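Now for the letters of each chain:
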Amino acid sequence: MGGISGALKAYLNVNEVISCIMLNWISLYSVNMLLSQVKDGSTPYTKLLFSYNKSAMLPTAGLNELFHNKYMTIGVPMAVIAAIIVWVVLQKTKFGFELKATGINKLAVKYCGMHEKRNIIVTMMISGGLAGFGAGIFYLSGIEQWIVQQTSVPGMGFNGIAAAFLGGLDPIGTIFASYFIQHITSGGTYVDTTTYCTQISDLISAFIIYLCAFVFFFKIWFNRYLDKKEEKSVKVKKGGRK
């Protein structure tokens, strides 16, 4: 699905946000249709993996006993390893440099002779694959079963936006930021409802996204200001030499 959105962006200049939102709904109802074959007869959820297909669940490797959590599986270290691999690819390889350069300025990349359309499609495919990887870890850990009558896209994916911003758009920083965001989200279900509403955690996450966005905006504006100031000083020096 990410590759489809990437192709639409690369060849037709379709906004990736719009195409991804539309593809989200196509994916949602496609999954509902497929998983209706394994729906539990008495509930709107799919059948419990632990009861019907225990071998499909991710192994715990003793992590459940170490952290005293029955849902703790190898999925957590797998997610950390995936983030480290992404960091290595982006920071230490030519392929990663081309992907970052395409995201910054695809026209400059095209001028340099790089395949900007291919890079856009590959980037979206990787992002879609990582999203599916995260969802697979979540559901194959047995934490939750899919609701076959689901009519809204689960919010865990959107929490990834907050985690990415809070982590400074860095894969390693996102590891710690995602833990922090999830801590807030889970904690919201335990607040005293007589004093606070359960949506207080969503409010805090929203503030974090906005503040992080302001930081990036200010950083970009400040860098542009410094660049213009440096250009003026260079012109003054050249004029003095003449």
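Quick look at the structure, then. All values derive from a computational prediction rather than experimental measurement. (Residues numbered from 1 in each chain as written. Predicted model: local features only at pLDDT ≥ 70, side-chain atom pairs only at ≥ 80, totals over all residues. Heavy atoms only, no water.)

Notes on the environment of V215
- Note that V215 resides in helix α11 (residues 200-241).
- Take V215: its relative accessible area is 55%, and that puts it in the exposed class.
- Residues V215 and L35, 180 residues apart in the sequence, show an inter-C-alpha distance of 42 Å. (Helix = DSSP H or I, 4+ residues; strand = E, 2+ residues; numbered from the N terminus. Buried < 20%, exposed > 50% of the residue type's maximum accessible area, 1.4 Å probe, protein only.)

Topic: helix α10 (residues 171-187)
- Between its terminal C-alpha atoms α10 stretches 24 Å, which fits the 24 Å expected from 17 residues at 1.5 Å a residue.
- Along α10, the residues that are buried comprise P171, A177, I181 and I184.
- Of the residues flanking the start of α10, the one acting as N-cap is D170, its side-chain oxygen 3.0 Å from the backbone nitrogen of I172. (Expected span 1.5 Å × (residues − 1). Polar contact = N/O pair within 3.5 Å; in protein donor to acceptor, adjacent residues only side chain to side chain.)

Considerations on the side chain of S5
- Structurally, the position occupied by S5 is in helix α1 (residues 2-12).
- Assessed through its relative accessible area of 0%, S5 is described here as buried.
- Apart from the residues lying within four places of it in its own chain, the contact partners of S5 are E16, S19, C20, L23 and M124. (Contact = heavy atoms within 4.5 Å.)

Remarks on the side chain of N32
- Mapped onto the elements of the fold, N32 is located in helix α2 (residues 16-35).
- Of the polar contacts made by the side chain of N32, one reaches the backbone oxygen of Q150; its length is 2.8 Å.
- Once residues within four sequence positions are removed from consideration, N32 is found in contact with W146, I147, V148, Q149 and Q150.

A few points about the packing of helix α5 (residues 75-92) against helix α8 (residues 116-140)
- At their nearest, the axes of α5 and α8 sit 10 Å apart, and the two run at 165 degrees to each other. In terms of orientation, α5 lies roughly antiparallel with respect to α8. The two elements α5 and α8 cross, and the hand of that crossing is left-handed. Where α5 approaches α8, its residues G75, M78, A79, A82 and V86 are matched on the opposing element by L130, F133 and I137. (Axes fitted to C-alpha atoms, helices over the stretch in contact; angles between N-to-C directions. Parallel < 35°, antiparallel > 145°, perpendicular 65-115°, else oblique. Left-handed = near helix turned anticlockwise from the far one by under 90°.)

Quick notes on the pattern of salt bridges
- Enumeration according to the criterion identifies three salt bridges in this entry.
- Across the salt bridge formed by E98 and R118, the nearest N and O atoms sit 3.2 Å from each other. A residue pair is termed long-range when its members are at least 10 positions apart, and E98 in helix α6 (residues 94-104) and R118 in helix α8 qualify at 20 residues.
- Assessed through its relative accessible area of 42%, R118 is described here as partly exposed.
- A salt bridge links E116 to K117; its shortest N-O distance comes to 3.3 Å. (Salt bridge = Lys/Arg side-chain N within 4 Å of Asp/Glu carboxyl O.)

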